[in-house]
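Summary of structural features
Given next are the chains, with one letter for each unit.
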Amino acid sequence: MALQLTGAARAIADDVRRAADQLSESAPERARADALLAEAGRRLASGLQGTVRCAQGRARPVLALYELLDRLAETDVATPRTAGEVASTPLR
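Chains are numbered independently. Their residues run from 1 in the order of the written sequence. Predicted model: local features are reported for residues with pLDDT of at least 70 only, side-chain atom pairs are reported and counted for 80 or more only, and whole-chain, interface and lining totals are derived from all residues. Only hydrogens and water are set aside; all other atoms, that is, all heavy atoms of the structure, feed into the side-chain values.

Structural notes on the overall build of the protein
Scanning the protein from N- to C-terminus turns up four helices and zero strands. Element order for the protein, N to C, with α for helix and β for strand: α-α-α-α. The buried share of the protein, taken over its 92 residues, is 32%. Throughout, a contact is declared for two residues whenever any of their heavy atoms are within 4.5 Å. A separation threshold of at least 6 residues defines the contact pool for the protein, and within that pool the share at least 24 residues apart is 67%. If you sum the accessible surface of the protein, you get close to 6300 Å²; carbon and sulfur atoms cover 55% of it. Helix and strand assignments follow DSSP, with helices taken as H or I runs no shorter than four residues and strands as E runs no shorter than two, numbered in order from the N terminus. Note on classification: 1.4 Å probe, protein chains only; a residue is buried when its accessible area is under 20% of the maximum for its type, exposed when over 50%, partly exposed between these limits. Calculation of accessible area relied on Shrake-Rupley with a 1.4 Å probe; when residues are assessed, cover is drawn exclusively from the protein chains displayed.

Brief notes about the pattern of salt bridges
The salt bridge criterion pairs a side-chain nitrogen of Lys or Arg with a carboxyl oxygen of Asp or Glu, the two atoms within 4 Å. The full count for this structure, using the stated rule, is seven salt bridges. The salt bridge partner of Arg17 is Asp21, with a shortest N-O separation of 3.3 Å. Taken together, the residues Arg17 and Asp21, both in helix H1 (residues 2-21) and four residues apart, mark about one turn of the helix. Since its relative accessible area comes to 42%, Asp21 is described here as partly exposed. Two residues, Glu25 and Arg30, come together in a salt bridge whose shortest N-O distance is 3.4 Å. Overall, the relative accessible area of 12% leaves Arg30 in the buried class. One continuous salt-bridge network, built from bridges that share partners, spans Arg17, Asp21, Glu25, Arg30 and Asp34.

Some points on the nonpolar core
For our purposes a nonpolar core is just a set of buried Ala, Val, Leu, Ile, Met, Phe, Trp, Tyr and Cys residues, chained together by side-chain atoms within 4.5 Å. Judged by nonpolar contacts, the single largest core of 20 residues is most densely connected at Ile12, Val16, Leu65, Leu68 and Leu72. Mapped onto this core, the elements with two or more residues apiece are H1, helix H2 (28-45) and helix H3 (52-74). Element by element, the count of residues in this core is highest for H1, at seven residues. The contacts of Ile12, once residues within four sequence positions are left out, are Val62, Leu65, Tyr66 and Leu69.

What to know about H3
Any helix carries an expected span of 1.5 Å times its number of residues minus one. The terminal C-alpha atoms of H3, which comprises 23 residues, lie 33 Å apart, in line with the 33 Å expected from a rise of 1.5 Å per residue. Buried within H3 we find Cys54, Ala55, Gly57, Arg58, Pro61, Val62, Leu65, Leu68, Leu69 and Leu72. Here the buried face of H3 lies against H1 and H2.

Side note on the packing of H1 against H3
The interhelical angle for the contact between H1 and H3, taken along N-to-C directions, is 25°, at an axis separation of 9 Å. Between H1 and H3, the crossing angle belongs to the class labelled roughly parallel. With respect to the hand of their crossing, H1 and H3 are arranged in left-handed fashion. Where H1 approaches H3, its residues Ala2, Leu5, Thr6, Ala8, Ala9, Ile12, Ala13, Asp15, Val16, Ala19 and Ala20 are matched on the opposing element by Cys54, Ala55, Arg58, Ala59, Val62, Leu65, Tyr66, Leu68, Leu69 and Leu72. Between N-to-C directions, angles cover 0 to 180 degrees, with each direction set by a line fitted to C-alpha atoms, over the stretch in contact for helices. Throughout, the term roughly parallel applies to angles under 35 degrees, roughly antiparallel to angles over 145, roughly perpendicular to angles from 65 to 115, and oblique to all others. For a crossing to be left-handed, the near helix must be turned anticlockwise from the far one by less than a right angle; the clockwise case is right-handed.

Without other data, these values stay purely geometric and don't point to any function.
Structural data, given as structure tokens:
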């Protein structure tokens, strides 16, 4: 379970980073994102253990990252691309 949560947290962190990168350097949401990404990185860097406590420690950043991603989406920063937009994007 902890391994799955780690993978989920890293995937969500990538989405948060992309959304935050679209903000200006002085935006408060960007500062929040940077702080939360740093904290999530510290939590995810600790070793995995087969305990409930470890799984809870991995679940906390997942929840916090999703909440931040929702807030960023409300500011129209993190609008996901549709399947049609992805399909029409040329490969390099």
